[in-house]
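Residues per chain are reported as follows:
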Amino acid sequence: MGQVNTATIKASAARASFDTLEAMLTRAWPVVVASIFALQTALILIHQPFADEWQALQIAVQSPDIPALFANLRYETHPPAWYLLLRALAAVVGPYNALPAAGLLLALPVQAIILLRSPWPHWARLAVALSAPILFEFSVVARGHTLGMALIFAALATWERKTIPWFAIAVLPAVDFLYGVVSLALIAFRFAERRIWLPGLGAWLAISLIAAWSIIPAPDYVPVYGETDGRFVHLVLALLRFSVVYLPIQGKFDALDWGAGPPELLMRTLWSVLVLTMAVLARGRRLEGAVMFGIMALMFAFSAWLYPLQNRHVFLLGTVMLVVLWRRSAAGEPVHPVVGLWLAFGAFAGLWTAWFGLTHTFERSREIAQYIRAEGLADEHWVAVPDMAGQGISALTQVPFEKPGGGCMQSYVRWDAPLVMRRPEGYMPWLREQMRERGRFYIFSNIAIEGLPAVQPVKSWAPVLEAKEYHIYVVNPDAAPARLALPDCVPGTRPLAGTPAI
């Protein structure tokens, strides 16, 4: 009896604490909302894009026409929605403003929906708005996930309408395969609530078919990360990757290592706590449980047997959990303490990530591009090792890079090089051959190149938040400049802008 009374007292105290916090937040809510908007805007505007962001923008803008854009997407295996949006924004605000414009255009409305329209109590709204995937990963790092997140929350915000949610649901398959899966989940929820609108369903089907056609890989497409085959190590890694969904900290607590998982012990164990949280969130709702665990199982199978998913992919599972939480709260159910703990960890990780985003450089391409211009090296012949290393430099300076083994120059990467050419055993023999046949040329690399007498280091940059080091080398420094008339790797590629940014 004493134990029961003690538990009751503790539960009452916890509820009183939440009620006090809720009352304080309600009074200060306009200030809270303005502060989060200011933080989100600052993070987007000071962000330095990394290779994936530049790649999408370059393909979107440098493709001479829409058929050429779709041809380029055969090497990306991504549907066209994000690329078409960037192409349109670049035409309006200019190519170098398109990425931050997309972030602001999509992320700020999502924050408004979370903070002003969601059915959650104020403390939960604050936690979701500050969560690392919402505040940084899907907003600051501008990729197709930014559009996908906006469409999901747009559907939730207009859910009670008959027709409007279908516009967002229909576009989701054109963002990415996994967002197409989420669109199926949203349609299942609409069916369960008898909210079907046949024209919207028809639009979803048509867009899904176009999206599926657009991602049929080119015959010579080569995945950048290689493939997985279900070996035990792949099964383990696929499972452990979910730990970052529970605690979205990338790196160690004293240093952000973007793309990594939480500290090792947490990475090994938190996936199990995530499963428990999902089970609590799904209690009494079979459809919602089937959606969450079904998407998790699909991600696991995809990562273990086809292609290794990254943090950005599995973070979408957290977004699906928020969809389920929205539905439960909209029905008047309180946020379960176990789910509240997950939200609190997400907010902590978001503030932690934001601190690094505000105080550290995310990526060094701008700094390196300025160095190349200042040293008068822009007219030299450049080789990227491996082939994706020079992405941001080329975007900012419009200096093309030779593709190792490709016999051509590129400003963005067409993923058709043999996988071995992205590894030392492939590009090092090729480099040795070029050293014997050419005059002076420069290498830009994100790995150290050692053991070649003809290669001399020029300057190096230590890793920042993106966690890659960068090096400039000169080959045959005493020889005459190499003057090679190599064709474009992608014929018809047009400049990113009339005037380079640097």
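Scroll up to find the structure.
Residues numbered from 1 in each chain as written. Predicted model: local features only at pLDDT ≥ 70, side-chain atom pairs only at ≥ 80, totals over all residues. Heavy atoms only, no water.

### Some details on the overall build of the protein
Defined as follows: Secondary structure elements are taken from DSSP: a helix is a run of H or I of four residues or more, a strand is a run of E of two residues or more, and numbering for both begins at the N terminus. As defined in this context, the radius of gyration uses C-alpha atoms, and a globule is described by 2.2 Å times the residue total to the power 0.38. We call two residues in contact when some of their heavy atoms are within 4.5 Å. For every accessible area listed, the method is Shrake-Rupley and the probe measures 1.4 Å; residues are considered covered only by the protein chains on display. Charged residues are defined narrowly, with Lys and Arg counted positive, Asp and Glu counted negative, and His plus the chain ends left uncounted. Here the site of a charge means NZ on Lys, CZ on Arg, CG on Asp, or CD on Glu.
The secondary structure content of the protein amounts to 20 helices and eight strands. Computed over its C-alpha atoms, the radius of gyration of the protein comes to 24 Å, within 12% of the 23 Å expected for a compact globule of 502 residues. C-alpha extents for the protein along the principal axes are approximately 90 × 50 × 50 Å. A separation of at least 24 residues holds for 72% of the contacts in the protein among residues at least 6 apart in sequence. Carbon and sulfur atoms form 64% of the exposed surface of the protein, whose accessible area is close to 21300 Å². Mean positive and mean negative side-chain charge positions of the protein (38 and 34 charges, respectively) differ by 10 Å.

### Details of the environment of Ile-447
Inspection of the secondary structure puts Ile-447 in the loop between β6 (441–445) and β7 (455–461). Expressed as a C-alpha distance, the spacing of Ile-447 and Pro-386, which sit 61 residues apart in the sequence, is 8.3 Å. For Ile-447, the contacting residues outside a window of four places in its chain are Tyr-427, Glu-469, His-471 and Tyr-473.

### Structural notes on the pairing of strand β8 (residues 470–475)
The condition is simple: Exposure classes here rest on a 1.4 Å probe applied to the protein chains alone. A residue is buried below 20% of its type maximum, exposed above 50%, and partly exposed in between. Any two strands with at least two DSSP bridges between them are considered paired.
In terms of burial, β8 is largely enclosed, as six of its six residues are buried. Burial along β8 is two-sided: Tyr-470, Ile-472 and Val-474 and His-471, Tyr-473 and Val-475, pointing in opposite directions, are all buried. As paired elements, β6 and β8 share five bridges and run antiparallel to each other. Counterpart to Ser-445 in the pairing with β8 is His-471. Bridge analysis of β7 against β8 gives six bridges, and the strand direction is antiparallel. Bridge pairing links Gln-456 to Val-474 in β8.

### A look at the environment of Gly-289
In this structure, Gly-289 sits in helix α15 (residues 286–305). Sequence spacing of Gly-289 and Leu-69 is 220 residues, and the spatial spacing of their C-alpha atoms is 39 Å. In this view, Gly-289 contacts Ala-282 and Gly-294; residues no more than four positions away in its chain are not counted.

### Quick notes on the pattern of salt bridges
Heads up, the condition is: We define a salt bridge as a contact between a side-chain nitrogen of Lys or Arg and a carboxyl oxygen of Asp or Glu at a distance within 4 Å.
Taken as a whole and assessed by the stated rule, the structure comprises 17 salt bridges. In this structure, Arg-195 and Glu-160 form a salt bridge, with 2.8 Å as the shortest nitrogen-oxygen distance. Note that Arg-195 is positioned in the loop between α10 (177–192) and α11 (198–214) and Glu-160 in the loop between α8 (144–157) and α9 (164–171), a separation of 35 residues in sequence. Between Arg-440 and Glu-380 there is a salt bridge; the shortest N-O distance is 2.8 Å. Of this pair, Arg-440 sits in the loop between α20 (424–437) and β6 while Glu-380 sits in the loop between α18 (365–374) and β3 (382–385), and the two are 60 residues apart along the sequence. Relative accessible area serves as the criterion here: at 16%, Glu-380 is assigned to the buried category.

### Thoughts on the nonpolar core
What counts here: For this analysis, a nonpolar core means a set of buried residues of the types Ala, Val, Leu, Ile, Met, Phe, Trp, Tyr and Cys, connected via side-chain atoms within 4.5 Å.
Counting residues in each nonpolar core, the largest one holds 140 residues, and the members touching the most others are Phe-153 and Leu-343. Excluding residues that lie within four positions of it along the chain, Leu-343 makes contacts with Trp-123, Ala-124, Ala-127, Val-128, Leu-322, Leu-325 and Val-335. Of all hydrophobic cores here, the second largest spans 16 residues; its members include Val-385, Met-421, Met-435 and Ala-482.

### Considering α8
An α-helical turn contains 3.6 residues, so a residue and the one three or four places further along point in the same direction. Rules: Residue count minus one, scaled by 1.5 Å, sets the expected span of a helix.
The end-to-end C-alpha distance of α8, which contains 14 residues, comes to 20 Å, matching closely the 20 Å that a straight helix rising 1.5 Å per residue would cover. Summarising burial for α8: 13 of the 14 residues are buried, a large majority.

### Re the pairing of β6
Among the five residues that make up β6, five are buried, leaving the element largely enclosed by the rest of the structure. Because side chains alternate across β6, one face comprises the buried residues Phe-441, Ile-443 and Ser-445, and the other comprises Tyr-442 and Phe-444, equally buried.

### A look at the packing of aromatic side chains
We apply this condition: Two rings from Phe, Tyr or Trp (for Trp, the six-membered ring) form a pair when their centres are within 6.5 Å of each other. A pair whose planes differ by under 30 degrees is stacked, one over 60 is edge-to-face, and the rest are tilted. For a lysine, the NZ atom is tested; for an arginine, the CZ atom; a charge sits over a ring if that atom is within 6 Å of the ring centre and within 35 degrees of the ring normal.
Counted by the stated rule, this structure contains 18 aromatic pairs. Relative to Trp-213, the ring of Phe-70 lies with its centre 5.8 Å away and its plane at 35°, an arrangement referred to as tilted. Residue Phe-70 is located in helix α3 (residues 66–73), and its partner Trp-213 is located in helix α11; the two are separated by 143 residues in the primary sequence. We classify Trp-213 as partly exposed; its relative accessible area is 45%. Ring-pair connections join several aromatic residues into one group, and the members of that group are Trp-382, Phe-401, Tyr-442, Phe-444 and Tyr-470. Lying across the ring of Trp-461, Lys-459 places its NZ or CZ 5.5 Å from the centre.

### A short note on α10
Here is the rule we go by: Pairing of N or O atoms within 3.5 Å defines a polar contact, subject to two protein rules: one partner must be a possible hydrogen donor and the other a possible acceptor, and residues neighboring in sequence count only if both atoms are side-chain atoms.
When the terminal C-alpha atoms of α10 are compared, their 23 Å separation across 16 residues agrees well with the 22 Å that a helix rising 1.5 Å per residue should span. Of the residues making up α10, those classed as buried are Leu-178, Tyr-179, Gly-180, Val-181, Val-182, Ser-183, Ala-185, Leu-186, Ile-187, Phe-189 and Arg-190. Each element contacted by the buried residues of α10 is listed here: α8, α9, α11, α15 and α16 (311–330). Among the residues of α10, the N-terminal cap falls to Asp-176, whose side-chain oxygen and the backbone nitrogen of Leu-178 are separated by 3.0 Å. After α10 finishes, the residue Arg-194 shows a positive phi value of roughly 55°.

### A closer look at unusual backbone geometry
Following Val-385, the chain continues into Pro-386 via a peptide bond in cis, with omega recorded as -10°. Inspection of the secondary structure puts Pro-386 in the loop between β3 and α19 (391–397). With a phi close to 55°, Thr-77 is a non-glycine residue in the positive phi region. The residue Ala-467 is not glycine, and still its phi comes out positive at about 70°. Here Ala-467 lies in the loop between β7 and β8. Taking relative accessible area as the criterion, Ala-467 reaches 33% and is therefore assigned partly exposed.

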